[in-house]
Amino acid sequence: MGPMIKGFRGMSLVDFPGRLAAVVFFGGCNFRCPFCYNVDLVLPQRLSQLEDIPSERIIEELKARENFISGVVITGGEPTLQKNLLRVLLEEIRSETSLAIKLDTNGSQPGVIESLLEENLLDYVALDFKTSPSRYPELKGHFQPLEETLSVLRTSQIPFEIRITAVPYFISQRELEELIPYFDGACLVALQRFMNEYDRLAPEMELGLYGPEELKELASFLKEKISPPVELRNV
Ligand code: SF4
């Protein structure tokens, strides 16, 4: 795979808790979540239509904004699949800017996260829980690497959040119940409302939609059973 930085947004208020941040999008993903709305960043034939952005340009863009942003979010797709490009980019961000670095990940590459942490290249990680461990094969993934990612994050010095997009077909009390043992050590659990209004990987699938009340019920269910604080997003 060649260079695969496929998108850049100069400023976001919602992607890095407590910070104004730029967002860098990596192309490619090893999962196929039916509810994924980053279709262009996931499907190889769509991905090839997007222009590659050289990392030098990302660094220039970040430096140009350094006076009014304080963070950069690396997201995708799944950035950890391109570990060399990712490491080089993060090293450059560290040496050329003073921005805090957040990584969004599906958790499938614990070794990559471990080595980035060893090099002190991450300040915050958001790890997605997409459904119960036993249903990960429906996303063409497996939960076991996430368990390793969690243990790597727990022994690190940086805060990490667990992010759950509440897609009714994949997240109900039953799935949350199965996830209960895995929340320890997170600084925050973000339960976010699923917005069923974009292009999707599986547009033909009925994924459902929770209203604010149902989402609050799920949040109270979680709050009773886990120690990290639960925050609702997009409600
Ligand atoms: S892991 Fe994320 S980017 Fe990959 S298919 Fe799932 S939702 Fe899309």
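Residues numbered from 1 in each chain as written. Predicted model: local features only at pLDDT ≥ 70, side-chain atom pairs only at ≥ 80, totals over all residues. Heavy atoms only, no water.

**Some details on the site of the ligand**
Part 1 of the argument: Near the ligand you find Cys29, Phe31, Cys33, Cys36, Val42, Gly77, Asn106 and Lys130, and these make up its full shell.
Part 2 of the argument: Applying the majority rule of atoms within 2 Å of the grid points places the ligand in the largest pocket.
Part 3 of the argument: Residue composition of the shell around the ligand, grouped by class: five nonpolar, two polar and one charged. (Near = heavy atom within 4 Å. 1 Å grid on protein atoms, 1.4 Å probe; cavity = no way out; pocket = protein on both sides within 12 Å on 5 of 7 lines; lining within 4 Å. Sits in = over half its atoms within 2 Å of the grid points. Nonpolar A, V, L, I, M, F, W, Y, C, P; charged D, E, K, R; others polar.)

**Focus on the nonpolar core**
Part 1 of the argument: Ranked by internal contacts, the top residues of the largest apolar core, which has 67 residues, are Ile74, Leu122, Phe129 and Ile164.
Part 2 of the argument: Residue contacts for leucine 122: discarding those within four places in its chain leaves Leu90, Arg94, Ile101, Leu103, Ile113, Leu116, Leu117 and Ile158.
Part 3 of the argument: The next biggest cluster of nonpolar side chains, apart from the first, holds 11 residues, and it includes Phe16, Val23, Leu47 and Tyr124. (Core = buried A, V, L, I, M, F, W, Y, C linked by side-chain atoms within 4.5 Å. Buried < 20%, exposed > 50% of the residue type's maximum accessible area, 1.4 Å probe, protein only. Contact = heavy atoms within 4.5 Å.)

**Some details on the pairing of strand β2 (residues 19-26)**
Note on strand geometry: in a regular strand, side chains alternate between the two faces of the sheet.
Part 1 of the argument: With respect to burial, β2 is a largely interior element, six of its eight residues being buried.
Part 2 of the argument: Inspection of the sheet shows strand β1 (residues 5-16) paired to β2 by six bridges, in the antiparallel sense. Residue pairing across strands places isoleucine 5 opposite phenylalanine 26, the latter belonging to β2.
Part 3 of the argument: In sequence, β1 turns back onto β2 through a hairpin of two residues, with glycine 18 there showing a positive phi of about 80 degrees.
Part 4 of the argument: Two strands pair when backbone bridges link them, and β2 and strand β3 (residues 71-75) are joined in this way by five bridges, in the parallel orientation. Each bridged residue has a counterpart across the sheet, and for alanine 22 the counterpart in β3 is valine 72. (Helix = DSSP H or I, 4+ residues; strand = E, 2+ residues; numbered from the N terminus. Pairing = 2+ DSSP bridges.)

**Observations concerning the environment of methionine 205**
Part 1 of the argument: As for its position among the elements, methionine 205 is in the loop between β7 (188-193) and α8 (212-225).
Part 2 of the argument: For the pair methionine 205 and tyrosine 169, spaced 36 residues apart in sequence, the C-alpha to C-alpha distance is 9.4 Å.
Part 3 of the argument: Those residues in contact with methionine 205 that lie beyond four places of it in its chain are Pro34, Tyr169 and Phe170.

**A closer look at the pattern of salt bridges**
Part 1 of the argument: The final tally for this structure, using the stated rule, is 18 salt bridges.
Part 2 of the argument: For glutamate 61, the salt bridge is made with arginine 65, and the minimal N-O distance between the two is 2.8 Å. Taken together, the positions of glutamate 61 and arginine 65, both in helix α3 (residues 55-65) and four residues apart, correspond to about one turn of that helix.
Part 3 of the argument: Glutamate 61 gets classed as partly exposed once you look at its relative accessible area, which sits at 27%.
Part 4 of the argument: For the salt bridge of aspartate 128 with lysine 130, the shortest nitrogen-to-oxygen distance reads 3.2 Å. Across this residue pair, the class does not change: aspartate 128 and lysine 130 are buried.
Part 5 of the argument: Three or more residues joined by partner-sharing salt bridges are found here, namely Lys102, Asp104, Asp128, Lys130 and Arg163. (Salt bridge = Lys/Arg side-chain N within 4 Å of Asp/Glu carboxyl O.)

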